[in-house]
Amino acid sequence: MQSTNGGTAPVIAVVVVGLVIFRQLRTRRMTRYGSLIAPAVLGVLGVAGIAFGIATVIEDHHQLTVLPVVLLAVSLAVAAGLGMVRSRTVRLWHDPTGQVLRKGTPATTGLWLTSVAAHIGLGLWIDHAAGAGALGVASLYAYLAIGLGTQNLLLRGRAAAL
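Quick caveat, the model's predicted, so the values are computed rather than measured.

We now examine the overall build of the protein. A tally of helices and strands in the protein yields six helices and three strands. The globule rule puts the C-alpha radius of gyration for 162 residues at 15 Å, and the 17 Å found for the protein is close to it. Across its three principal directions, the C-alpha atoms of the protein cover 60 × 30 × 25 Å. The 162 residues of the protein split such that 41% are buried. Contacts spanning at least 24 positions in sequence make up 78% of the contacts within the protein whose residues lie at least 6 apart. In the form shown here, the protein has an accessible surface area of approximately 8500 Å², with 71% of it arising from carbon and sulfur atoms.

Here it is, written out as structure tokens:
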């Protein structure tokens, strides 16, 4: 994300992505609403980020054409697809009390890193296609919300089937 305050936004983005990946590797209980909170918060930030990204394109006196919008949709679809694949790499099991536990695997981490790389590449392509602004880069939180939300919804389904 572009920033006028010395690069704070990229640091925040790295911290958020790092926190998401770190939490994936810890053994955690599956709770009723816990796996939905982070995607919801990221979704709110994502909507704000996309609005900001659109504003940066328009602010530079450019029109938002179809190609960057289509690429943004592709980016968000890639997030959902990788979330689906990642959901299969997370281990689920019952503890002695019957509580469902979850923990990511090295494959989960690799897929998160692949996901981040895909977003960076698609984000740069979106911004190049827009000709100005930071729509692609600013869509990071929406990308994370969709990817993590998809992963967590599928994990909830797997947990219910245990």
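For the rest of this paragraph, the subject is the sheet that holds strand 2 (residues 91-94). On the basis of which strands lie adjacent, the open sheet formed by three strands has the order 1-3-2 and antiparallel pairing. Sheet topology places strand 1 (28-29) and strand 2 at the edges, where each strand pairs with a single neighbour. Relative to strand 3 (residues 100-103), strand 2 runs antiparallel, the two being bridged by four bridges. Directly across from R91, in strand 3, lies its bridge partner K103. Relative to the sheet, helix 6 (residues 140-161) contacts strand 2 and strand 3, its axis offset from that of strand 3 by approximately 140°.

In this model, helix 3 (residues 66-87) (22 residues) spans 32 Å end to end at C-alpha, consistent with the 32 Å of a helix rising 1.5 Å per residue. The complete set of buried residues in helix 3 reads P68, L71, L72, S75, L76, A79, L82, G83, R86 and S87. Buried residues of helix 3 fall within an arc of 155° about the axis and therefore sit on the same side. The secondary structure elements touched by the buried residues of helix 3 are helix 2 (34-59), helix 4 (106-130), helix 5 (135-138) and helix 6.

We now examine a nonpolar patch on the surface. Judged by side-chain polarity, Y33, L36, I37, V41, L45 and L153 come together as a nonpolar surface patch covering roughly 570 Å² of accessible area. Checked against the element boundaries, L36 lands in helix 2. Accessibility expressed as a relative area gives 31% for L36, which makes it partly exposed.

The subject of this paragraph is the pairing of strand 3. Where strand 1 and strand 3 come together, two bridges link them in antiparallel fashion. Paired with R28 across the two strands is R102, which belongs to strand 3. Where strand 2 hands over to strand 3, the hairpin turn is made up of five residues, of which G98 adopts a positive phi near 95°.

Another aspect to go through is the confidence of the model for the protein. Per-residue pLDDT for the protein has a mean of 89; in total, 95% of the residues score no lower than 70. Considering each helix and strand of the protein separately, the mean pLDDT is smallest for helix 1 (residues 8-24), with a value of 79, and largest for helix 3, with 97. In the model, residues 1-5 has pLDDT below 50 throughout and makes 11 contacts with residues more than four positions away in sequence or in other chains.

With that settled, the discussion passes to the packing of aromatic side chains. Counted under the stated rule, the structure contains zero aromatic pairs. The residue whose ring lies beneath R91 is W93, and the NZ or CZ to ring-centre distance is 4.5 Å.

Between helix 4 and helix 6, the shortest axis-to-axis distance is 11 Å and the interhelical angle comes to 145°. Here helix 4 and helix 6 pass one another in a crossing that is right-handed. Side by side, helix 4 and helix 6 meet where W112, S115, A118 and H119 of the first sit next to L140, Y143, L144, L148 and Q151 of the second.

Turning our eyes to something else, we now look at the packing of helix 2 against helix 6. To characterise two packed helices, one gives the angle between the axes of the helices and the distance between these axes. The geometry of helix 2 relative to helix 6 is characterised by a closest axis approach of 7 Å and an angle of 155° between their N-to-C directions. By the angle between their directions, the pair helix 2 and helix 6 is classed as roughly antiparallel. Crossing angle aside, the handedness with which helix 2 passes helix 6 is left-handed. Only Y141, A142, L144, A145, L148, G149, N152, L153 and R156 of helix 6 make contact with helix 2, whose side of the interface consists of S35, L36, A38, P39, L42, G43, L45, G46 and I50. For the contact of helix 2 with helix 6, the class distribution of residues is 12 nonpolar, five polar and one charged.

What counts as what
- Residues numbered from 1 in each chain as written.
- Predicted model: local features only at pLDDT ≥ 70, side-chain atom pairs only at ≥ 80, totals over all residues.
- Heavy atoms only, no water.
- Helix = DSSP H or I, 4+ residues; strand = E, 2+ residues; numbered from the N terminus.
- Rg over C-alpha atoms; globule rule 2.2 N^0.38 Å.
- Buried < 20%, exposed > 50% of the residue type's maximum accessible area, 1.4 Å probe, protein only.
- Contact = heavy atoms within 4.5 Å.
- Areas by Shrake-Rupley, 256 points an atom, 1.4 Å probe, with all protein chains shown as cover.
- Pairing = 2+ DSSP bridges.
- Axes fitted to C-alpha atoms, helices over the stretch in contact; angles between N-to-C directions.
- Expected span 1.5 Å × (residues − 1).
- Arc of directions from axis to C-beta.
- Patch = residues over 30% accessible without salt bridge, like charges linked within 9 Å, V, L, I, M, F, W, Y side chains within 5 Å.
- Salt bridge = Lys/Arg side-chain N within 4 Å of Asp/Glu carboxyl O.
- pLDDT = per-residue confidence, 0-100.
- Phe/Tyr/Trp six-rings, centres within 6.5 Å; stacked < 30°, edge-to-face > 60°.
- Lys NZ or Arg CZ within 6 Å of the ring centre and 35° of its normal.
- Left-handed = near helix turned anticlockwise from the far one by under 90°.
- Parallel < 35°, antiparallel > 145°, perpendicular 65-115°, else oblique.
- Nonpolar A, V, L, I, M, F, W, Y, C, P; charged D, E, K, R; others polar.

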